[in-house]
Amino acid sequence: MALYLKAAEILEKAERKQGALKTLVYDSKFVNIKQLFALVCETQKFSSILEEIIESTKLLKQTKLRMPMAKVLVYDLLLGQGLKCGGSWKAMMMKHRPRLQAVLARMKVKQKVSKNEDLLPASVQRLAGDQLPRYVRVNTLKTSVEDAVDYLKRDGLSYLGHASRLDDFTLREKEFVRDLHLPELLVFSPKTDFHDHFLYKAGHIILQDKASCLPAHLLNPPPGSHVIDACAAPGNKSSHLAAVMKNKGRLFAFDLDAKRLATMSTLLLRAGVTCQQLANQDFLKVDPDSPQYKDVEYVLLDPSCSGSGMVCLRDDASTADQEKTQARLASLASFQLRCLNHGLRFPRLKRLVYSTCSVHRQENEEVVAACLQKNPGFRLVPLLPQWPERGQEPHTQCLRASTTKTRTHGFFVALLEKHNEAENKKHSEAGNKKQEPAVQINEAGKNKQEHAVQMSDVEEAPFSPASTCEKKPAASEEEESEASEVDDKLTLAEGQADGTPGKKKRKRKRKKKKKMEAAPHSLASTCEKRPEALEDKSEAPETEDRPTPTEGQADDTPGKKKRKRKRKKKEAAPHNPASTGEKRPAASEEEESEASEVDDKPTPAAGQADGTPGKKKRKRKRKKKTNAATVE
């Protein structure tokens, strides 16, 4: 009876997805492992047939047995080699044997088959011939892939190197290769057994299907990070996460079943995991805002599912109660969506991987689509472009696995990543900054144009120092012509009296031009001495009548220096009543007549020196009177 109890227990664990059948069988430490394994595998293969027979006869109601135990007993009674137990259990089953056989016979007649194997669904019949390879993950916490390969080679196995395609997985006994997708995975022939091997017992290798290795490999949390394994038992994915993290950081593992958590603790201990923190707690009741999880950035979520992807748990369309199956799928999908939405609530979360061992779209793509619709801050990350099977449209970023296309159990994996809003903001700000220089350049151009307008205004303004400094040649020519015009107006009477008005004017212009060309154009001196030059021009009518030819031409600076020299000459000249301002004595009648005669004579040309200071003074007075009269 112990055989049936242990077989029923293993089947129940397998249905709850607590591990693969073979692993559960060998971990049970049953005396006759081969007998137990054969019974479990065959019962699982005929599971749908046995379930239909049990429900048709209402065996559970009449015997008060649980479904796993009823399946094991009915299989051995009808399809196996007969019951291997005695006592009340055998008596009870023999009592219901006729009814059970009658239901089986009717099923064969209905399907027009003669063999029990022909009752199996087509998919199960195909799987019977499609044996999956034995996958072994090297535990890098305890050893390296190279060391494990060397040990296995010394143990008599033949290493064929790296696989390059799926056809390389067709191996003979004692042959193995390295996987083409996962670097720490080794692939052996289907019948290779490692349950009694030293590497397995020492925790150096983990017996784990390739598809089951995908979630931790794709999540890839860096060493030192804080990670959550939401539904952790039996612990293979948790040990894989710890190996990826190199045992550095913190691994929070949750499971609601205390027994499964205890088994997981043993497995992690054997694998050398030390960064774990196990909690017998429902993941949906974990507070994401708790300070304990404030640094959690990665979550692995592998919730309970139908298990339809596992070869030993395949369901088929020919199942008796389709409505019940659909209701179960809807309930599972609702639970999975709640777990997924809850997992995305952790404040510092960066990535979450969602996986199931189901082939149903209702548990996979539909759950992911509903989650993304509710959480627009997350997006799907494209995974392994070389992987042969993708998620169903439009979620081709996800991965699917199957016995035919990937030589694994049926599986589904999706990786959700949080949008980096800070980076998007930086990119948008960088784009704005790229446009700002053009605006600044335009504004600078505008400022230059405004400055040019201001400069033109300054140039037009009379006697502006800025314009005088920056555009001295043009400005000086205009100013000199204006000054010459003023001089012409003021010396009109003088020109008429001299009798040569045109010659003098042209002569003055030529002298001024020659002086400007000969003199060095120093902007600083020009700007500083501009007002005084203007004052000299206003006094032009008074001073131009008595210029000293040698001084005016030789002197390059006709302003201040010229007046200084004149003052020095006056100081050095002999005492003269006219120059000192003393009163002259009254002129005699003869002198006055001589003066009148001199006045009637034409005035000598400008620049001629009389030599008598008194005459010069009187000449200036007469010129002033004449000019005043002319202006009036």
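Description of the structure in this document. Values in this document were obtained by computation on a predicted structure and should not be read as measured data.

Rules used throughout
- Residues numbered from 1 in each chain as written.
- Predicted model: local features only at pLDDT ≥ 70, side-chain atom pairs only at ≥ 80, totals over all residues.
- Heavy atoms only, no water.
- Helix = DSSP H or I, 4+ residues; strand = E, 2+ residues; numbered from the N terminus.
- Expected span 1.5 Å × (residues − 1).
- Buried < 20%, exposed > 50% of the residue type's maximum accessible area, 1.4 Å probe, protein only.
- Arc of directions from axis to C-beta.
- Contact = heavy atoms within 4.5 Å.
- Polar contact = N/O pair within 3.5 Å; in protein donor to acceptor, adjacent residues only side chain to side chain.
- Phe/Tyr/Trp six-rings, centres within 6.5 Å; stacked < 30°, edge-to-face > 60°.
- Axes fitted to C-alpha atoms, helices over the stretch in contact; angles between N-to-C directions.
- Parallel < 35°, antiparallel > 145°, perpendicular 65-115°, else oblique.
- Left-handed = near helix turned anticlockwise from the far one by under 90°.
- Nonpolar A, V, L, I, M, F, W, Y, C, P; charged D, E, K, R; others polar.

**A look at helix α13 (residues 258–271)**
Taking 1.5 Å of rise per residue, 14 residues should cover 20 Å, and α13 covers 20 Å from first to last C-alpha, within 8% of that figure. Regarding α13, the residues found buried are R260, L261, M264, L267, L268 and A271. Buried residues in α13, looked at end-on, bunch into an arc of 120°, giving them a common side. Seen from the open side of α13, the exposed residues pointing more than 90 degrees away from its buried face are K259, T266 and L269. In this structure, the buried side of α13 is in contact with β5 (205–207), α12 (236–244), β7 (250–254) and β8 (276–279). Measuring from the backbone nitrogen of K259 back to the side-chain oxygen at the start of α13 gives 3.0 Å, which picks out D257 as the cap.

**Side note on the packing of aromatic side chains**
What the rule picks out here adds up to 12 aromatic pairs. Centre to centre, the rings of Y135 and F169 are 6.1 Å apart; their planes meet at 80°, and the pair counts as edge-to-face. Separated by 34 residues along the polypeptide, Y135 in strand β1 (residues 134–138) and F169 in the loop between β2 (158–162) and β3 (175–178) bring together distant segments of the chain. The exposure class of Y135 is buried, given its relative accessible area of 2%. For F169, a relative accessible area of 1% gives the class buried.

**Re the packing of helix α14 (residues 322–343) against helix α15 (residues 365–374)**
Where α14 contacts α15, the axes come no closer than 10 Å and their chain directions differ by 40°. With respect to their mutual orientation, α14 and α15 come out oblique. The interaxial crossing formed by α14 with α15 has right-handed handedness. Here A333, Q336, L337, L340 and N341 of α14 come into contact with α15, specifically with V367, A370, C371 and K374. For the contact of α14 with α15, the residue count by class is six nonpolar, two polar and one charged.

Such coordinate-based values are descriptive only and should not be taken to indicate function.
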